[in-house]
Amino acid sequence: DAAGAAWALNFEAQAELSRAQVDVAQRLYADALRRFRVIQDAWGTADCLLALGQIAFEHGDPKVASDLLAEAQQVSRTAGDIRGTARVIEAFARLAARTRHATRALKLAGAAAALRQTLSVPLPRAQRDALERALDEVRANADKHAIAAAWMEGWSLSADQAVELAFSGIGEGG
């Protein structure tokens, strides 16, 4: 069926990405995205947009990345998918960490963690490890008290406030 074919492409893209076959993964995600849009599968659409946004950022195109992440957030919000919102916030936390925006990264990570706790949906191990690696880089150069304060400030944000924070940093690369 159409949904099964789209998800198969999505999972194949994930596998190719894990093997560092970025160009192949990008083509597969784009094909899966097209199929998800045809069948109006919001979760699949948001998942592909999120992956494509992360690929774009990793390859030096923050504008395209931000546009894709914004669309992923819009699709997640329209579908009422709070977990999708947490995933977008986590993506922006990684972007902020990689661009050395420590406070923003920690606030966003704290906000996403709070959302996930509210939903009782933990971050999958591979994604948690990727986020932690990104945050370790900014934590290494920050004061312990500032780290804790930023995390707790993020923890106290509503989902809408966290999304606003994420998108307010687009022009800064994070």
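Anyway, here's the lowdown on the structure attached to this text.

The rules we used
- Residues numbered from 1 in each chain as written.
- Predicted model: local features only at pLDDT ≥ 70, side-chain atom pairs only at ≥ 80, totals over all residues.
- Heavy atoms only, no water.
- Helix = DSSP H or I, 4+ residues; strand = E, 2+ residues; numbered from the N terminus.
- Buried < 20%, exposed > 50% of the residue type's maximum accessible area, 1.4 Å probe, protein only.
- Contact = heavy atoms within 4.5 Å.
- Core = buried A, V, L, I, M, F, W, Y, C linked by side-chain atoms within 4.5 Å.
- Expected span 1.5 Å × (residues − 1).
- Arc of directions from axis to C-beta.

1. Observations concerning the side chain of S76
When you line up the elements, S76 lands in helix α4 (residues 62-79). The class for S76 is buried, based on a relative accessible area of 2%. When residues no more than four places from it in sequence are discounted, the contact partners of S76 are A46, D81, G84 and T85.

2. Observations concerning the nonpolar core
Counting residues in each nonpolar core, the largest one holds 53 residues, and the members touching the most others are Y29, I89, F92, L108 and L135. Every residue in contact with L135, bar those within four places of it in the chain, is listed here: A97, A105, L106, A109 and W151.

3. Thoughts on helix α7 (residues 125-139)
In a regular helix each residue adds 1.5 Å, so 15 residues correspond to 21 Å; α7 covers 20 Å between its end C-alpha atoms and thus fits that length. Those residues of α7 lying buried are L131, A134, L135 and V138. Projection of α7 onto a plane perpendicular to its axis shows the buried side chains occupying an angular sector of 95°, all on one side. For α7, exposure combined with an orientation more than 90 degrees from the buried face picks out R125, A126 and R133. Buried residues along α7 sit against α5 (82-98), α6 (102-119) and α8 (144-155).

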